Amino acid sequence: MKKLNKFFAAALFGISLFFVNGCDPFDDLYVNLAMDIEFSTAGAGQTIFISSALCLSDFEDYEDNVDELEEIRYVSSAYFTTNATSGLRAQTLTITLYQEDGFTKLFDYTITNFVANTYINNPLEITLSQQEIDDINAYLTNPKEDKCFVATLEATNVQSDSSPYQLSSKVDILTELKIKP
């Protein structure tokens, strides 16, 4: 009987330790927020320049959780062509992300020898430097403050098999929202 009592006492002690010090699955809750920046243009010139603005409040996942946010952190970015005229290409395509003021640069990324159709259903990961990632995270420091961004897409030496040409594309910026349990 003493062995059985010791076993129950040890089991009770172990269970109570688990509940007091155990892992709480709700310690940290994260939600991914994919911010899509869409660009669309039609033209016949050798240069494309498109600007687009967005705010965190444009996204339901942010709005639904803003009161409980503890942190917003940059995860990754990608470029996609959603539709383009056949043979559309450019010497360079540069994507730039700014803070709301449109002057404070967070990152810029250049694709050389750009061929639009290469990126249809084939996303290109936008690789940022650690400094650019730090700049984005610093801008997002106060997660309850609705931050806005201005993004530009610029192509130089544009050529196409037909004129006028058309380009529709997007940049996805993936962030992670840390939410209070």
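Quick summary incoming for the structure in this document. (Residues numbered from 1 in each chain as written. Predicted model: local features only at pLDDT ≥ 70, side-chain atom pairs only at ≥ 80, totals over all residues. Heavy atoms only, no water.)

## Side note on the packing of aromatic side chains
Logical step 1: In total, this model carries 4 aromatic pairs according to the counting rule given.
Logical step 2: Look at tyrosine 139 and phenylalanine 149: their rings are 5.4 Å apart centre to centre, the planes differ by 80 degrees, and that puts the pair in the edge-to-face class. Note that tyrosine 139 is positioned in helix α3 (residues 130-139) and phenylalanine 149 in strand β7 (residues 148-156), a separation of 10 residues in sequence. Residues tyrosine 139 and phenylalanine 149 agree in their burial class; the two are buried.
Logical step 3: Grouping aromatic residues by their ring pairs yields a cluster made of Tyr79, Phe114 and Tyr119.
Logical step 4: Over the face of the ring belonging to tyrosine 139 we find lysine 147, whose NZ or CZ atom lies 4.8 Å from the ring centre.
Logical step 5: Sitting over the ring of phenylalanine 80, lysine 170 keeps its end group 5.4 Å from the ring centre. (Phe/Tyr/Trp six-rings, centres within 6.5 Å; stacked < 30°, edge-to-face > 60°. Helix = DSSP H or I, 4+ residues; strand = E, 2+ residues; numbered from the N terminus. Buried < 20%, exposed > 50% of the residue type's maximum accessible area, 1.4 Å probe, protein only. Lys NZ or Arg CZ within 6 Å of the ring centre and 35° of its normal.)

## Points about unusual backbone geometry
Logical step 1: A cis geometry characterises the amide bond from serine 163 onward to proline 164, with omega recorded as 0 degrees.
Logical step 2: Here proline 164 shows up in the loop between β7 and β8 (165-179).
Logical step 3: Positioned with a positive phi, asparagine 157 is a non-glycine residue whose angle comes to about 55 degrees.
Logical step 4: Tracing the backbone through its elements, the reader meets asparagine 157 in the loop between β7 and β8.
Logical step 5: Asparagine 157 gets classed as partly exposed once you look at its relative accessible area, which sits at 36%.

## Side note on the nonpolar core
Burial of nonpolar side chains together is a common tendency in soluble globular proteins.
Logical step 1: Counting 45 residues, the largest nonpolar core has Tyr79, Phe107 and Phe149 as the members making the most contacts within it.
Logical step 2: Residue assignment for this core shows that the elements contributing at least two residues are β1 (29-43), β2 (48-55), β3 (69-84), β4 (89-99), β5 (105-115), α3, β7 and β8.
Logical step 3: At 6 residues, β8 tops the list of elements feeding residues into this core. (Core = buried A, V, L, I, M, F, W, Y, C linked by side-chain atoms within 4.5 Å.)

## Comments concerning a negative patch on the surface
Logical step 1: Together, Asp58, Glu60, Asp61, Glu63, Asp64, Glu100, Asp101 and Asp146 give the surface a local cluster of negative charge.
Logical step 2: Summarising the element assignment, aspartate 101 is placed in the loop between β4 and β5.
Logical step 3: By relative accessible area, aspartate 101 is classed as partly exposed at 41%. (Patch = residues over 30% accessible without salt bridge, like charges linked within 9 Å, V, L, I, M, F, W, Y side chains within 5 Å. Areas by Shrake-Rupley, 256 points an atom, 1.4 Å probe, with all protein chains shown as cover. Salt bridge = Lys/Arg side-chain N within 4 Å of Asp/Glu carboxyl O. Lys, Arg positive; Asp, Glu negative; His and termini not counted. Charge placed at Lys NZ, Arg CZ, Asp CG, Glu CD.)

## Some remarks on α3
Because each turn of an α-helix spans 3.6 residues, side chains separated by three or four positions end up pointing in the same direction.
Logical step 1: Those residues of α3 lying buried are Glu132, Ile136 and Tyr139. Buried residues of α3, viewed axially, fall in a sector of 65 degrees; they line one side. Of the exposed residues in α3, the ones pointing more than 90 degrees away from its buried face are Gln130 and Gln131.
Logical step 2: Buried residues along α3 sit in contact with β3, β4, β5 and β7. (Arc of directions from axis to C-beta. Contact = heavy atoms within 4.5 Å.)

## Overview of the sheet that holds β2
Logical step 1: If you trace the 4 strands from one edge of the open sheet to the other, you get β2-β7-β4-β5, paired in antiparallel fashion. Only two strands of the sheet have a single partner each, and these edge strands are β2 and β5. On average, each strand axis in the sheet is tilted by 15 degrees relative to the strand beside it, whichever way the strands run.
Logical step 2: Sheet topology note: the β4/β7 ladder contains 8 bridges and is antiparallel. The partner of leucine 97 across the bridge, within β7, is alanine 151.
Logical step 3: Relative to the sheet, α3 contacts β4, β5 and β7, its axis offset from that of β5 by approximately 135 degrees. (Pairing = 2+ DSSP bridges. Axes fitted to C-alpha atoms, helices over the stretch in contact; angles between N-to-C directions.)

## Considering the side chain of serine 169
Logical step 1: In this fold, serine 169 is placed in strand β8.
Logical step 2: Separated by 3.5 Å, the side chains of serine 169 and tyrosine 79 make a polar contact.
Logical step 3: Contacts of serine 169, omitting those with residues within four sequence positions, involve Ile37, Glu38, Phe39, Tyr79, Phe80, Thr81, Thr82 and Leu153. (Polar contact = N/O pair within 3.5 Å; in protein donor to acceptor, adjacent residues only side chain to side chain.)

Shape is all these values report; function is a separate question.
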